[in-house]
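# Inside the fold
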Amino acid sequence: MSTTGAPVARRVITAWIYLIVLVFVLPFYWMVVLATHDNDSIYSFPPPLLPGGSLGANWSRLTEVVEVVRAMGNSILVASAHTVLVLLLSSLVGFGFSRFRSAPGARWMWRVVLATIFIPGLVGLIPWYVLIARLGWIDTLWPLIIPGAANGFAVFWMRQIITQTVPVDLYDAARIDGASDWRTYWTVVLPLIRPGLGALGIWTFMATWTAFQIPLIVLNSQENFTLPLALANLNTLYGQDTAAVMLGSVISVLPIFVAFLLAAKQFMAGLTAGALKG
Amino acid sequence: MTAPRGDTSRAAGPNRDTLGARMREHSTFYLMVAPFFVLFGLFGLAPIVAAFWIGFTDWDGLNPARFVGLDNYAAIVTDPLFGKAVANTIYIWIGSTVVTVGAAFVLAYLINEYVMWGRSFLRMVFLLPLLAAPAVIAIIMSVLFSTNAGLVNAFLSFVTGDRVTYEWLASTGWIKPIIILMIAWRFLGFHLLLFVAGLQSIPRELYDAARVDGAGGWQVFARVTFPLMLPIIFFSATSSTVGAFQLFDEPFVLTNGSGGTDQAAEVLGTMLYRTAFNDFRFGLASALSWVMFALIAVFTIVNSRLLRVRV
């Protein structure tokens, strides 16, 4: 712990920072407040500051105009499937690059992987859309699951983790036992890098859960909407029903908040991995 | 150079023989990394290359494309809306980068130096907005700043004693600062986390040594802390730049896809979307996406020059 600053200054600054925290989380608190009030009290002045008792009524109005449960199902399906795919693919590819450095071409192939990290995704958006259309994937969940699975950053990160955590001796031992490299990946590497997989997994899940632009472009019918899309649609069509819109927002934020509180450590490891390990 | 086949290379001499043999020996490697290159080639590289070609055509995605040379690029640079979108994007880029990185740095410094308890709690709590979808954050903000049910107007009413019903989201002057506020709120925790980790990695002895040499508090900060933090500041500013030039969700949802009053919230990302998926001008949109690519590259270089980072 650092030792700068007089005790009084430290107390004052600490208090100020906690005050900033209060203002910082106020929008979330207020979202909950509005989600539990009827629209009359929301639009009255002064506005309500404590949660109210209209949660049930708001819920029935919300589910009347938007299939929020279905949208959540779509979001869970897309985020889970995409996360599993990213974890499997990037750990396998990362293992390949970590294990076989002397393969011809491995070095420049690795440079290609690194270069992909810096390419902004928007550049190929239009041909990407045309490709998705040709594949017959418009208005399906496939384009949200498959194409993004080749993630250069995830591969980079998995290679680092595998190189750091798996001792080379283990590979030799596995080879002596007669295990193939695929078997080694599955039975030796994957169990050892579980914390890294957890961090990458929660990060990927969150990024997929909050995605908006790609779902907006590829999904047309309400029944296929993911949560952010369903909510933006709700906001456009029924924006005056603030209570219902806020309840929908609460529902979309809640699962990821809970996941975050359960796995905050992995999550933060994931965020700093890019900047500090690179 | 023609790619040697397995059998010809064997005939060509010992060197090629070894290469072919080594490649066969490492066949597992190529199989393992293949999924990445196949998927990236198909969904990443091919569209980018194709966008370059489509950018020289007039195409609606259905009828045959017509080659038009540089017309699309000429149309983009002479379009007043493009100028507006670039200006808005740069406004939001600079505003959000300065506000987010600056606030995160100050907060990280204060937390690291002064805060007595709950540091890990603080790092967590500032991350919460990052977990919410930008589209959802835009919805929350639109309610926060709404004319009749907004907390901001309610607060101003309370302070001034008069009922304030200002239309924040319809004003051309306030929409961009509100977007900046949204971005800052969402990403503050991310940059804060990086900065706190960076500050903690600076060895205490460096500070002590500087103090022994007679440096005051400010000098220690300017000569030790800040220079050592520059690479992380550069990373922060760069990720903020790349994000700002691809900005889409926030302005789109905040203005219900309209671009705002007098297109005050039209940015490059929303202009690209509108050109492609409202007007179905795929050629023009592809050219625009390459212009955005070039701008991101240029401003990333500008960033590194400004911060004089020697990587």
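In short, a report on the structure. (Residues numbered from 1 in each chain as written. Chains lettered and ligands numbered in written order. Predicted model: local features only at pLDDT ≥ 70, side-chain atom pairs only at ≥ 80, totals over all residues. Heavy atoms only, no water.)

## Describing the packing of aromatic side chains
Note the cut-off: Centres within 6.5 Å make a pair out of two Phe, Tyr or Trp rings, where for Trp the six-membered ring is used; the pair is then stacked when the planes are under 30 degrees apart, edge-to-face when over 60, and tilted otherwise. The helix count covers DSSP runs of H or I at least four residues long, the strand count covers runs of E at least two residues long, and both are numbered beginning at the N terminus. Only protein chains enter the accessibility calculation, which uses a 1.4 Å probe; a residue is then buried when its area is under 20% of its type maximum, exposed when over 50%, and partly exposed in between. We call a charge positioned above a ring when the Lys NZ or Arg CZ atom is no farther than 6 Å from the ring centre and deviates by at most 35 degrees from the ring normal.
If you walk through the whole model with that rule in mind, you get 50 aromatic pairs over all chains. Taking the centre distance of 4.8 Å and the plane angle of 70° together, the rings of A:Y129 and B:F277 count as edge-to-face. Note that A:Y129 is positioned in helix α6 (residues 125-134) and B:F277 in helix α14 (residues 268-278), a pairing that runs across two chains. For the pair A:Y129 and B:F277, a shared accessibility class is recorded, and that class is buried. For A:R99, the ring lying beneath its charged end belongs to A:F100, and the centroid distance is 5.7 Å. Sitting above the plane of the B:Y91 ring, B:K176 keeps its charged end 5.4 Å from the centroid.

## Considering the interface of chain B and chain A
Test applied: Contacts are residue-level and defined by heavy atoms, with any inter-residue pair within 4.5 Å sufficient. Put simply, buried area is the surface a 1.4 Å probe can reach on two separate parts but cannot reach once they are joined, added for both. Every case where a carboxyl oxygen of Asp or Glu lies within 4 Å of a side-chain nitrogen of Lys or Arg is listed as a salt bridge. Contacts described as polar in this section are N or O atom pairs within 3.5 Å, which, within protein, must combine one atom able to donate a hydrogen with one able to accept it, while residues neighboring in sequence count only if both atoms come from side chains.
Taken together, the contact pairs 91 residues of chain B with 94 residues of chain A. In total, chain B and chain A occlude about 8,500 Å² of area from one another, counting both sides; carbon and sulfur atoms represent 82% of this. On inspection of chain B and its partner chain A, the count reaches zero salt bridges. Joining chain B to chain A, the criterion identifies nine residue pairs in polar contact (both at pLDDT 80 or more). At 18 residues, the largest contribution of residues to the side of chain B that touches chain A is made by helix α3 (residues 27-54) of chain B.

## A word on the pattern of salt bridges
Using the criterion set out here, one finds six salt bridges over all chains in the structure. Note that A:D241 is salt-bridged to A:R61, the shortest N-O span being 2.8 Å. Here A:R61 lies in helix α3 (residues 55-65) and A:D241 lies in the loop between α13 (227-238) and α14 (242-262), a separation of 180 residues in the sequence. Exposure remark for A:R61: the relative accessible area of 29% places this residue in the partly exposed category. A salt bridge links B:R204 to B:E113; the nearest nitrogen and oxygen atoms lie 3.9 Å apart. One end of the pair, B:R204, is in helix α11 (residues 204-212); the other, B:E113, is in helix α5 (residues 80-113), and 91 residues separate them in sequence. Assessed through its relative accessible area of 4%, B:E113 is described here as buried.

## Focus: unusual backbone geometry
Residue and element names in this part refer to chain B. A positive phi angle, close to 55°, is found at N256, a residue other than glycine. Within the fold, N256 resides in the loop between α13 (249-254) and α14. The phi torsion at D262 lies on the positive side, around 55°, for a residue other than glycine. Residue position: D262 is located in the loop between α13 and α14. On the basis of relative accessibility, which here comes to 53%, the residue D262 falls in the exposed class.

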